[in-house]
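So the chains spell out like this:
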Amino acid sequence: MNLYTDTIRDYAMNTRHAGALEHADGIGEVGLGSAEAGKRLAVRFALQVRDERVVTVRFQVFGCGFTIAACAAAAEIAEGHRLDDLARLTTTAIEQRLGGMPTERDYCARLALDALQAAAASAGGNGQPLQAFISATDRDHLPQLQADDPLRCALLANTNPDTLPDADRELLAGLLAVAVRDAGDPAGALGLSADEFNTLCQTAFPAADPHLLAGRASTQPPTANPDIFTLLLGYVAADASPLAIWIAKALATRAACPGHLWIAMGLSERPLLSAAIRRHLPALFAANSRNMRWKRFFFKQLCDRSGGDLCQSPVCGTCSDHALCFAPAEEETEKE
């Protein structure tokens, strides 16, 4: 699980632009959340400017190695440039300087850029520190499917089998819709065999036109981490229904997609994922007693079982990755 390239590691260890800066002309900060801004700092950039051009850049980070590397790259880019150049800077430039970033860490470049651009705005204004907040992208925080998605609606229009609750039909309608849209092999996009996929469709949507469920993309389905696959199947009860097995396989496979798992599962909000796991994989739900984000929880389980260490800190409350591992309290599903 080592995602650090040599280039990212070199930037993370480069202290040339790290540290405080006295007599700064502009300071920009990014907090970890609206309630924590100014209290628990994530990134601070400080600039000295001459004739509208940055002559000195310093940054301070409360974050992981990827965030440090992104800040070091952003500082390197900024030094010597005009303030109006920084306003046009994008995360792409930072990521290219680093030789690319893992998809699940691309927020680090955004965090660095937000703080740097806040510092530039501060220097171009009255010099008072400016606070920004971590930007959210549609891909990372919004559902892939809208409520009026045509395939989802067509599936739900089928007569409801008496043996399948509405919550499960809605779960499967969204899951099938993203699988059909994302890959030429929808069965593979859910980690299922062709027979399992056909049985699932017949169980949930027996009157659906088979042509609706043919893959629409030329891309290959995601490849599940085999250890995650084995881990999740291990949580299936001995007397569980086939639906529980299908959901475990889908979770393992969709966890290989970038971004949040609830989005990759075709759901409209995070609590619906926890509710589905609670219904069909109760042992897995119980094991995640602290409401860790599900994808993160899967990998932490693997690390714990192998004796490895995924965490930046032994205490979750003081770890710089806390926001990565745990959803905000208002998004968590209440335990019964």
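For the structure itself, look to the data block above.
Residues numbered from 1 in each chain as written. Predicted model: local features only at pLDDT ≥ 70, side-chain atom pairs only at ≥ 80, totals over all residues. Heavy atoms only, no water.

This paragraph deals with the overall build of the protein chain. Secondary structure assignment for the protein chain yields 17 helices and four strands. Looking at the 336 residues of the protein chain, the share that counts as buried comes to 46%. Counting contacts in the protein chain only where the partners sit at least 6 residues apart, residues at least 24 apart contribute 67% of the total. Accessible surface, the protein chain as shown: approximately 16,300 Å² in total, 51% of it carbon and sulfur. (Helix = DSSP H or I, 4+ residues; strand = E, 2+ residues; numbered from the N terminus. Buried < 20%, exposed > 50% of the residue type's maximum accessible area, 1.4 Å probe, protein only. Contact = heavy atoms within 4.5 Å. Areas by Shrake-Rupley, 256 points an atom, 1.4 Å probe, with all protein chains shown as cover.)

Looking at the secondary structure, you find Ser122 in helix 5 (residues 107-124). With a relative accessible area of 1%, Ser122 lands in the buried category. In terms of polar contacts, Ser122 uses its side chain to reach the backbone carbonyl oxygen of Gln128, at 2.7 Å. Non-local contacts of Ser122, meaning those with residues more than four positions away in its chain, are made with Asp25, Gly26, Ile27, Gly127, Gln128, Pro129 and Leu130. (Polar contact = N/O pair within 3.5 Å; in protein donor to acceptor, adjacent residues only side chain to side chain.)

Turning to the packing of helix 8 (residues 166-182) against helix 10 (residues 194-204), a few remarks are in order. One can describe the packing of helix 8 onto helix 10 by two numbers: an axis separation of 11 Å at closest approach and a directional angle of 135°. Judged by the angle between their axes, helix 8 and helix 10 are oblique. The interaxial crossing formed by helix 8 with helix 10 has left-handed handedness. On helix 10, the residues touching Arg169, Leu172 and Leu176 of helix 8 are Phe197, Leu200, Cys201 and Ala204. By residue class, the composition of the contact of helix 8 with helix 10 is six nonpolar, no polar and one charged. (Axes fitted to C-alpha atoms, helices over the stretch in contact; angles between N-to-C directions. Parallel < 35°, antiparallel > 145°, perpendicular 65-115°, else oblique. Left-handed = near helix turned anticlockwise from the far one by under 90°. Nonpolar A, V, L, I, M, F, W, Y, C, P; charged D, E, K, R; others polar.)

A separate point is the pattern of salt bridges. Scanning the model with the defined rule gives twelve salt bridges in all. A salt bridge links Arg16 to Glu79; its shortest N-O distance comes to 2.7 Å. Highlighted residues: Arg16 in the loop between helix 1 (6-13) and strand 1 (26-31) and Glu79 in the loop between helix 2 (65-78) and helix 3 (83-87), separated in sequence by 63 residues. With a relative accessible area of 51%, Arg16 lands in the exposed category. Taking the shortest distance from any N to any O, the salt bridge between Glu29 and Arg44 comes out at 2.9 Å. (Salt bridge = Lys/Arg side-chain N within 4 Å of Asp/Glu carboxyl O.)

This part covers the nonpolar core. Leu176, Leu232, Leu251, Leu273, Leu284, Trp294 and Phe298 are the most contacted members of the largest nonpolar core, which totals 55 residues. Element by element, the count of residues in this core is highest for helix 8, at nine residues. Excluding residues within four positions of it along the chain, Leu176 makes contact with Leu151, Leu155, Leu190, Phe197, Leu200, Cys201, Phe205 and Leu213. By size, the runner-up hydrophobic cluster in this structure holds 40 residues, among which are Val30, Leu47, Ala72 and Ala74. (Core = buried A, V, L, I, M, F, W, Y, C linked by side-chain atoms within 4.5 Å.)

Next up on the list: the packing of aromatic side chains. Scanning the model with the defined rule gives four aromatic pairs in all. Residues Trp294 and Phe298 carry aromatic rings whose centres are separated by 6.3 Å and whose planes lie at 45° to one another, so their mutual orientation is tilted. Residue Trp294 and its partner Phe298 are located together in helix 16 (residues 294-306), separated by four residues, close to a single helical turn. For Trp294, a relative accessible area of 7% translates into the label buried. (Phe/Tyr/Trp six-rings, centres within 6.5 Å; stacked < 30°, edge-to-face > 60°.)

A few words now on unusual backbone geometry. Backbone geometry places Glu52, a non-glycine residue, at a positive phi of 65°. Looking at the secondary structure, you find Glu52 in the loop between strand 2 (41-50) and strand 3 (53-61).

Keep in mind these numbers describe shape, not what the thing actually does.
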